[in-house]
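Residues per chain, in single letters:
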Amino acid sequence: MDVTAKKIVFVKTIQSLINIWKICKLSNLPYIILGEGSNVLFLENYEGIVIVNRIKGIKIQERQNIWLLHVFSGEKWHDLVKYTLRMGLFGLENLALVPGSVGSAAIQNIGAYGLELKNICEYVDIISLDNGKIIRFKKNLCNFSYRSSIFKKKYNYGYAIIAVGIKIQKNWKPIIFPSLLKSKKLLKISAYKIFNIVCQIRKKKLPNPKKLGNAGSFFKNPIITFKKAEKILSSYINVPHYIQYNGFIKISAAWLIEKYNFKNIQIGNAAIYKKQKLILINLKNANSKEILKLAKTIQKCILKKFEIYLEPEVDFINSSGKIKLL
Ligand code: EPU
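First, a word on scope: everything that follows refers to the structure included in this document.

Calculation notes
- Residues numbered from 1 in each chain as written.
- Predicted model: local features only at pLDDT ≥ 70, side-chain atom pairs only at ≥ 80, totals over all residues.
- Heavy atoms only, no water.
- Pairing = 2+ DSSP bridges.
- Helix = DSSP H or I, 4+ residues; strand = E, 2+ residues; numbered from the N terminus.
- Axes fitted to C-alpha atoms, helices over the stretch in contact; angles between N-to-C directions.
- Near = heavy atom within 4 Å.
- Polar contact = N/O pair within 3.5 Å; in protein donor to acceptor, adjacent residues only side chain to side chain.
- Areas by Shrake-Rupley, 256 points an atom, 1.4 Å probe, with all protein chains shown as cover.
- Phe/Tyr/Trp six-rings, centres within 6.5 Å; stacked < 30°, edge-to-face > 60°.
- Buried < 20%, exposed > 50% of the residue type's maximum accessible area, 1.4 Å probe, protein only.

Observations concerning the sheet that holds strand β4 (residues 46-53)
(1) Moving on: Pairing is parallel across the open sheet formed by three strands, whose spatial order is β1-β4-β2. Of all the strands in the sheet, just β1 (5-11) and β2 (31-34) have a single pairing partner and so form its edges. Taking the axes of each pair of neighbouring strands and ignoring which way they run, one obtains an average angle of 20 degrees across the sheet.
(2) Moving on: Alignment of β1 against β4, held across six bridges, turns out to be parallel. When the bridges of β4 are listed, V11 appears paired with N53.

A look at the site of the ligand
(1) Moving on: The full set close to the ligand counts 22 residues, and Y146, R147, N221, E258 and Q276 are the nearest of them.
(2) Moving on: Note that an oxygen atom of the ligand is positioned 2.9 Å from one of the backbone N or O atoms of S217.
(3) Moving on: Residue Q276 places a side-chain N or O atom 2.7 Å away from an oxygen atom belonging to the ligand.
(4) Moving on: If the ligand stood free it would expose 810 Å²; the protein chains cover 78% of that surface.
(5) Moving on: Elements that contribute at least two residues to the shell around the ligand include exactly β7 (111-112), α6 (191-205), β12 (213-217) and α8 (253-260).

As for the packing of aromatic side chains
(1) Moving on: Summed over the entire model, instances satisfying the criterion amount to 16 aromatic pairs.
(2) Moving on: For the pair W21 and Y157, a centre-to-centre distance of 5.2 Å together with 75 degrees between the ring planes defines the contact as edge-to-face. A residue pair is termed long-range when its members are at least 10 positions apart, and W21 in helix α1 (residues 14-26) and Y157 in the loop between α4 (150-153) and β11 (159-169) qualify at 136 residues.
(3) Moving on: Residue W21 is classed as buried on the basis of its relative accessible area, which comes to 1%.
(4) Moving on: On the numbers, 5.2 Å between centres and 85 degrees between planes, the contact of Y155 with Y159 is edge-to-face.

Any functional reading would require information that these geometric values do not contain.
In structure tokens form, the structure reads like this:
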């Protein structure tokens, strides 16, 4: 999006993060902390300060059965995955190439190919920017759920995530996902091979945000009642769906969009990505109104045809901060 902010500040230390926060507070300016900015849609020019978190560092501790990594929140997630593989620590490979930083990985509870951050997270450290105190949230206090955590709703003003504790089992076991089963090399599987396969799939299916503007999946996969799912499953064959622990059914939003058959829908320069229908793309200089209009059209049509509401996964930012839309 072609938008501006009053100022963009890159912070490399906790102290500079606190300093810039004090300036924002004293001058009554809105602020937003971003990692890579890969899951946000700026709707208009931002009237505050964008703080880009570049607080980096990885500390490794050895425990009896695990390696415990203390990773500062400004590390790029994919760099962490590559680093662990280089160190011979296996377990993050299914989450290769997920865009964003380590801090946002925790806020979002990123997930792909059978693994979610919550499965490997030990704790999340947040700092109170007012008094510099660090509060540790053990994993079970983080309220992790599908693409969500306590940090999505709370602790977003005056607090920042500064580090995430990642637990890596010494006794590595591959996490097998459907497209991996198709791999002929399954017998000789290794973490490196999974890493390569995941990278290949993602590169093939998902557009590179540096080349084609997008924020990954625009909507979440809806979680619906068994009764509602039954209706769809009985009308269509091969509906990708996943049974949840509470009996609800997660259904593929990309499939719903594909089944609707939007036929080359394009609003201004906003379009649906052909190879993965859950991704909305900026073909060239699209504005946020075009993206929102496209998203609303998709939402309305899916609701009408399947009686299913698609909840956005992307965060919307207006001139003063995050807002709830759609
Ligand atoms: N499908 C279609 N049409 C499409 C794309 C997919 O029918 O255009 C069907 C396929 O049959 C496939 C199924 O939908 O079996 C699932 O598709 P895919 O494996 O691409 O996963 P997804 O459910 O669409 C989720 C995450 C992705 C993550 C992948 C891989 C969400 C909202 N998205 O997508 O995460 O990479 O699984 O595990 O949960 C993101 O969050 O930004 C993101 C890209």
